[in-house]
Amino acid sequence: MKFDLTIALPDRPGQLVKALEPIAKNGGNIISIIHEREEPSTGIIPVSLVVDFPSKLNLKETINDLKNSGVAIIRAEEIIDTTHITVILVGRVDLRKFTENKMKKVKILGFEVSSPTSEDTCLKLELEVPAEFVEEVMDHLRKIAEAENVLLLSPI
Amino acid sequence: MNVIIVGFGFIGKETVRALYKKMDIIKRLDEEFRIIGISDSKGYIYNEKGLNLEKLINIERLSDYMAYNESGSAEELIEKRDVDLMVEATPTNIKNGEPGLTFIRKALKRGIHVVTSNKGPLVVAFKELTTLAKMNNCQLLYEGTVAGALPVFSLVRKCLQGDKIRRIMGILNGTTNYILSKMYFEGTSFELALKEAQERGITERDPSYDVDGIDAACKIVILANALMNKDIRFEDVKRTGIRRITQEAVSLAKKANYAIKLIGVIDKRIEVAPKLVPINHPLCVHGTLNAIHIESDLAGRITLIGYGAGKETVSAIMNDIFTILKDLRKS
């Protein structure tokens, strides 16, 4: 599991090494580290890390250890991989039917409706879906489309 | 090798033409190669010493050839002595596979190798026919049944022997691809594009076989059974045609860098449906072209592109004949 971990370190030599120790101890694998030291120094340097931990518990323990050693935590949250999906719906589309319930995990990034020349409306939806839910979301869309007699065009 | 051809329509005639053209190469493999009989729906011609191919390529109807047996049937021809290989090229019937199914059954039971481009019998009775071939120690090859000249079965069997096929998807019907390409490039309506396809003779007067995805679904059945070890029938393919695709849908897709294509897919789902294909994807081919995209564990992704109907299909039939000739030489 990947986490965005941003911490605040005093601008003194040796602080970064001290902060990285609990991460390693708790099984974290550092994927990236951004350490921006401004001039003139404000005395505190924010350090942003992307860390891969075996579980949430490892992150929790790391945070405790960091706090105990006097490191301030600015942000610690899971990074969720998302996928962008474009779908087109053809028919008498009631958008509410498609966006309720299971679609809570889905962000609608954009939509476009065509001016219909027939009684079938055409609607393009741009969705952002957590990668692990793509199958589930597509199954849900398929079911609603079938029940509503709407043609669902999804990417291959 | 003594060969009979059952069916003297477009494919039957083109096969005779190709055999005539390539006879030099064939004779190098088998000096004794000859076509000893050909049947059409009304009768047959037969000569145990071999028919005259030069005469055959110049006739329109089989009855124009000398000694046409008017009351004879293809089944009689199959029963003749010393038939080694049958090229079955009767019209496709996906409801019951006939008359091809009866002919193929009969030939295989007699230990005659069969080469066919007819989907019907394989859609209806794939397992039965492949088992029958195995039991009678003969080959049943059908490269021409799916996407005409594209060598998909040969590719997987000969060149991907250590691979596990995880997914196959493709554009398996040239007519619907023609219609959707017209809509994509010219902004025409489905009805207009269909009318033009009919006028150009690309589709039948009753276009349902193409536009409702029936033809593509038949090909999915054969691909799934032959290459992915499934045991499915036509009814198992979830099928959606392209009649509801509107100009607006095509242009919305186009703006988002997609083309709408009728795609057959075999993975967890087995279906034929219009899908959004990214314009830079190798499956995004236009006009009457077919394309098959294979995903396997070792080779990764392979795409075949080419023509799926017409006289290009004869290439597949010829390759099947050559395969059998070479295998016989080895043994």
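Residues numbered from 1 in each chain as written. Chains lettered and ligands numbered in written order. Predicted model: local features only at pLDDT ≥ 70, side-chain atom pairs only at ≥ 80, totals over all residues. Heavy atoms only, no water.

**Things to note about the overall build of chain A**
- The helix and strand tally for chain A stands at four helices and eight strands.
- What you see in chain A, going N to C, is helices and strands ordered as β-α-β-β-α-β-β-α-β-β-α-β.
- Taking 156 residues into account, the globule formula puts the C-alpha radius of gyration at 15 Å, and chain A, at 23 Å, lies well above it.
- With respect to the principal axes defined by its C-alpha atoms, chain A has extents near 70 × 35 × 25 Å.
- Per-residue burial for chain A yields a buried fraction of 36% across its 156 residues.
- Sequence-distant contacts in chain A: of pairs separated by 6 or more residues, those separated by 24 or more amount to 70%.
- Taken as a whole, chain A presents about 9,100 Å² of accessible surface, with 51% of it coming from carbon and sulfur.
- The averaged location of the 25 negative side-chain charges in chain A is 5 Å from the averaged location of its 19 positive side-chain charges. (Helix = DSSP H or I, 4+ residues; strand = E, 2+ residues; numbered from the N terminus. Rg over C-alpha atoms; globule rule 2.2 N^0.38 Å. Buried < 20%, exposed > 50% of the residue type's maximum accessible area, 1.4 Å probe, protein only. Contact = heavy atoms within 4.5 Å. Areas by Shrake-Rupley, 256 points an atom, 1.4 Å probe, with all protein chains shown as cover. Lys, Arg positive; Asp, Glu negative; His and termini not counted. Charge placed at Lys NZ, Arg CZ, Asp CG, Glu CD.)

**Looking at the domain arrangement of chain B**
Residues and elements named next belong to chain B.
- By the assigned domains, chain B splits into domain 1 (2-149 + 311-330) and domain 2 (158-307).
- Taken together, the contact pairs 16 residues of domain 1 with 19 residues of domain 2.
- Of the roughly 1,300 Å² buried at the junction of domain 1 and domain 2 (both faces included), carbon and sulfur atoms supply 71%.
- Taken together, domain 1 and domain 2 are joined by two salt bridges.
- As a salt-bridge pair, K119 and D215 come within 3.3 Å of each other at their nearest N and O atoms.
- Counting every contact that joins domain 1 to domain 2 gives two residue pairs in polar contact (both at pLDDT 80 or more).
- Here the side of domain 1 that touches domain 2 gets six residues from one element, more than from any other, and that element is helix 6 (residues 119-135). (Domains from an automatic or database assignment. Buried area = accessible area lost by both parts, 1.4 Å probe. Salt bridge = Lys/Arg side-chain N within 4 Å of Asp/Glu carboxyl O. Polar contact = N/O pair within 3.5 Å; in protein donor to acceptor, adjacent residues only side chain to side chain.)

**Examining the pattern of salt bridges**
Residues and elements named next belong to chain B.
- The final tally for this structure, using the stated rule, is 27 salt bridges over all chains.
- The shortest N-O distance in the salt bridge between E186 and K182 comes to 2.9 Å. Of the two residues, E186 and K182 are both situated in helix 8 (residues 174-186); the distance of four residues between them amounts to about one turn of the helix.
- The exposure class assigned to K182 is buried, which follows from its relative accessible area of 13%.
- D327 is the partner of K330 in a salt bridge, and the nearest nitrogen-oxygen pair spans 3.8 Å. Taken together, the positions of K330 and D327, both in helix 13 (residues 313-330) and three residues apart, correspond to about one turn of that helix.
- By relative accessible area, K330 is classed as exposed at 71%.
- Classification of D327 as partly exposed rests on a relative accessible area of 28%.

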